[in-house]
Amino acid sequence: AAAPPPSAYTLHKINWLTRCKGSMGSLHSGPIMGCAIEPKETQVVLTCSLDKTARVSNIMSGNCVVSFTVPDPLWSCAWHPSDSNVFFCGAA
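Values in this document were obtained by computation on a predicted structure and should not be read as measured data.

Participant: How would you summarise the pairing of strand E3 (residues 32–37) if you had to cite specific residues and measurements?
Facilitator: Note that E3 and strand E4 (residues 44–49) share five bridges and pair antiparallel. Considered in E4, the bridge of Cys35 is made with Thr47. In this antiparallel pair of consecutive strands, E3 and E4, the connection spans six residues.

Here it is in structure tokens:
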């Protein structure tokens, strides 16, 4: 039988040079489909999930800065190239 799905989904931070690994903690209740580092403010990461949420989290602390719930599962995400207050998410 297949293992049950995890109760929480996270991002893992991996430094390929030093081989150090860390986790950002529980970010979503469904699989994370996309993540993007904000190009101007490199301390935040945008994630989107099949749990119908998009989250902006602090990379250093792992804390959620803001979360948005939408009607559909989210499959991809990207920051606006010139406005760090705007991001886009692709929905199913």
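Participant: Lay out the nonpolar core with the relevant residues and their values.
Facilitator: Residues Ala36, Val44, Leu46, Cys48, Ala54, Val56, Leu74, Cys77 and Trp79 constitute the largest nonpolar core, which totals nine residues. Those elements that provide at least two residues to this core are E4, strand E5 (53–58) and strand E7 (74–79). Residue contacts for Val44: discarding those within four places in its chain leaves Ala36, Ile37, Glu38, Val56, Ser57, Ile59 and Trp79. Core analysis: the second largest hydrophobic core is formed by five residues, Leu11, Met24, Val45 and Ile59 among them.

How each quantity is defined
- Residues numbered from 1 in each chain as written.
- Predicted model: local features only at pLDDT ≥ 70, side-chain atom pairs only at ≥ 80, totals over all residues.
- Heavy atoms only, no water.
- Pairing = 2+ DSSP bridges.
- Helix = DSSP H or I, 4+ residues; strand = E, 2+ residues; numbered from the N terminus.
- Core = buried A, V, L, I, M, F, W, Y, C linked by side-chain atoms within 4.5 Å.
- Buried < 20%, exposed > 50% of the residue type's maximum accessible area, 1.4 Å probe, protein only.
- Contact = heavy atoms within 4.5 Å.

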